[in-house]
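Here are the chains, one letter per residue:
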Amino acid sequence: MIEILPNKLFAAITGIGGYIPQNKRSNEDLEKLVDTSNEWIVKRTGIKERRILDQDLATSDMAVRAIQNLIQKYNKNLADVDALIVATSTPDMPMPATANIIAQKLGMTNVWAFDMNAACSGFLYALDMGASLVETGRYKNVLIVGADNISTYVDVYDRSTNILFGDGAGVVWLEPSNEGGIMDAYLRSNGDGREYLHIEGGGTQYPMSDDNNNALEKRYLKQDGKTVFKHAVQSMTDACQTVLKRNNLTINDVNWLVPHQANQRIIDAVGRALDIPEGRALSNIEYLGNTIAATIPLCIWENIKQIKTGDLVMLTAFGAGFSWGASLFKWMI
Ligand code: ACO
């Protein structure tokens, strides 16, 4: 069991915001592009449509709107922000960090801001990093963004990936609290998994400037869906069980499970493996698909009315790397 020290300073979520682009890509749209059907996609993934960002916008534009949504709803002041951490696999550009661009667009020109990439587990990694900053007592207001413009890297003519992915951004505001907040996080990765899920082109191994290595073909996301599916279910289940066990809890103590939204069948399989009571595993995949680092904050944001002050919430994610994990917090809003 994790020992809770007297006077422990927690990092509590005190605000949440989100943004989803307006353009929809429905299953019927995909039927016109590839050999697929609405029926197959709904049955195998639970997804009916995804949102696609306009081509003249970038990841930072979604994040800016998500942050604006948060500050308006929770009456926050951006001048108070000490640190901005952005989880993304789809930065606006290799440098500077998308966090710097977001901060500049919002007029935050004196803030510690950086990106981190852990693919679909990115939000969990960033949340734990931000919580650790707050727990030191040196950082009082930390913004954690999960944002991805993954449609840029999806081959719209590849039916093994175009059915799954969409764009979006979510954000939470962390502040110190003596009452409760982030309680635990268990995060892991294993690079053996990288052959099963990757975007190989555009980095330093296969630069776009090099015509000899088919970099252009490598610019798209590729995956071995079955292998990813199997590892996702096992790893998310193991991570949740580890967190429950070391906090001396059972799944019945958890009010809400918020799993990474990759496939409704993965969400259901993790729920069954954990034996979580019906209706407690939250999902919003039907109309958004997999938005990579944004799925978890967007899923909380869209289900906010159900979550009550003091509820115990467990997050779990799995993604490229492989990377995975689970975290646990008390909802303090
Ligand atoms: N439409 C119609 N038929 C299809 C489609 C499609 N889009 N895709 C595959 N099929 C066919 C196949 O050809 C196959 O036909 P066959 O039986 O005649 O050979 C049949 O349907 C079954 O194909 P599978 O690939 O076995 O389908 P599966 O049930 O595994 O579903 C899917 C594929 C949806 C990709 C699933 O494997 C999955 O969701 N995997 C997890 C992927 C994932 O979560 N990735 C993101 C991770 S997070 C991150 O970090 C990015």
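Residues numbered from 1 in each chain as written. Predicted model: local features only at pLDDT ≥ 70, side-chain atom pairs only at ≥ 80, totals over all residues. Heavy atoms only, no water.

J.: I'm lost on the overall build of the protein in this one. Help?
T.: Helices and strands together make up the secondary structure of the protein, namely nine helices and 13 strands. Relative to a compact globule of 333 residues, whose C-alpha radius of gyration would be 20 Å, the protein shows 19 Å and is just as compact. Here the C-alpha coordinates of the protein stretch approximately 60 × 45 × 35 Å along the principal axes. Per-residue burial over the protein gives 54% buried out of 333 residues. Taking the contacts inside the protein whose residues are at least 6 apart along the sequence as the reference set, 77% of them involve residues at least 24 apart. For the protein, the computed accessible surface area is about 15,100 Å², with 46% contributed by carbon and sulfur atoms. On the protein, the mean spot of the 31 positive side-chain charges and the mean spot of the 38 negative ones are 3 Å from each other. (Helix = DSSP H or I, 4+ residues; strand = E, 2+ residues; numbered from the N terminus. Rg over C-alpha atoms; globule rule 2.2 N^0.38 Å. Buried < 20%, exposed > 50% of the residue type's maximum accessible area, 1.4 Å probe, protein only. Contact = heavy atoms within 4.5 Å. Areas by Shrake-Rupley, 256 points an atom, 1.4 Å probe, with all protein chains shown as cover. Lys, Arg positive; Asp, Glu negative; His and termini not counted. Charge placed at Lys NZ, Arg CZ, Asp CG, Glu CD.)

J.: So what exactly am I meant to see when it comes to the sheet that holds strand β8 (residues 182-189) here?
T.: Backbone-to-backbone hydrogen bonds pair the strands of a sheet. The strands run either parallel or antiparallel. Here four strands make up an open sheet; going across it, the order is β8-β13-β12-β11 and the pairing mixed. Whereas interior strands pair on both sides, the edge strands pair on one side only; in this sheet they are β8 and β11 (256-259). Strand-to-strand twist across the sheet, computed as the mean angle between neighbouring axes with direction ignored, equals 10 degrees. The strands touched by helix α5 (residues 122-135) within the sheet are β8, β12 (312-319) and β13 (323-330), with β8 carrying the most contacts at an inclination of about 135 degrees. (Pairing = 2+ DSSP bridges. Axes fitted to C-alpha atoms, helices over the stretch in contact; angles between N-to-C directions.)

J.: Can you help me understand the nonpolar core in this one?
T.: Generally speaking, soluble globular proteins have nonpolar side chains that are buried together. Counting residues in hydrophobic clusters, the biggest one holds 64 residues, and the most contacted among them are L84 and L315. Broken down by element, the residue count for this core peaks at eight residues, all from helix α3 (residues 59-74). Mapping this core onto the domain boundaries places at least three of its residues in each of domain 1 (10-183) and domain 2 (184-330). Of all hydrophobic cores here, the second largest spans 38 residues; its members include I41, I163, A239 and L257. (Core = buried A, V, L, I, M, F, W, Y, C linked by side-chain atoms within 4.5 Å. Domains from an automatic or database assignment.)

J.: Can you walk me through unusual backbone geometry in this structure?
T.: The phi angle of most residues is negative, glycine excepted, and most peptide bonds adopt the trans form. With an omega dihedral of 0 degrees, the bond running from M95 to P96 counts as a cis peptide bond. In this structure, P96 sits in the loop between β4 (83-87) and α4 (98-105). At N75, a residue that is not glycine, the phi angle is positive and equals roughly 55 degrees. Mapped onto the secondary structure, N75 falls in the loop between α3 and β4.

J.: Quick question: what am I supposed to make of the pairing of β11 here?
T.: Looking along a regular strand, one sees the side chains alternate between the two faces of the sheet. Alternating positions in β11 separate into two faces, W256 and V258 on one and L257 and P259 on the other, with burial throughout. In terms of strand pairing, β11 meets β12 through four bridges, oriented parallel. Pairing of W256 across the sheet is with V313, part of β12.

J.: Hey, could you run me through the environment of I251 in this one?
T.: Its place among the elements puts I251 in the loop between α6 (225-246) and β11. For the pair I251 and L274, spaced 23 residues apart in the sequence, the C-alpha separation amounts to 6.9 Å. When residues no more than four places from it in sequence are discounted, the contact partners of I251 are L244, L274, D275, I276 and R280.

Everything listed here is a matter of geometry and, on its own, says nothing about what the molecule does.
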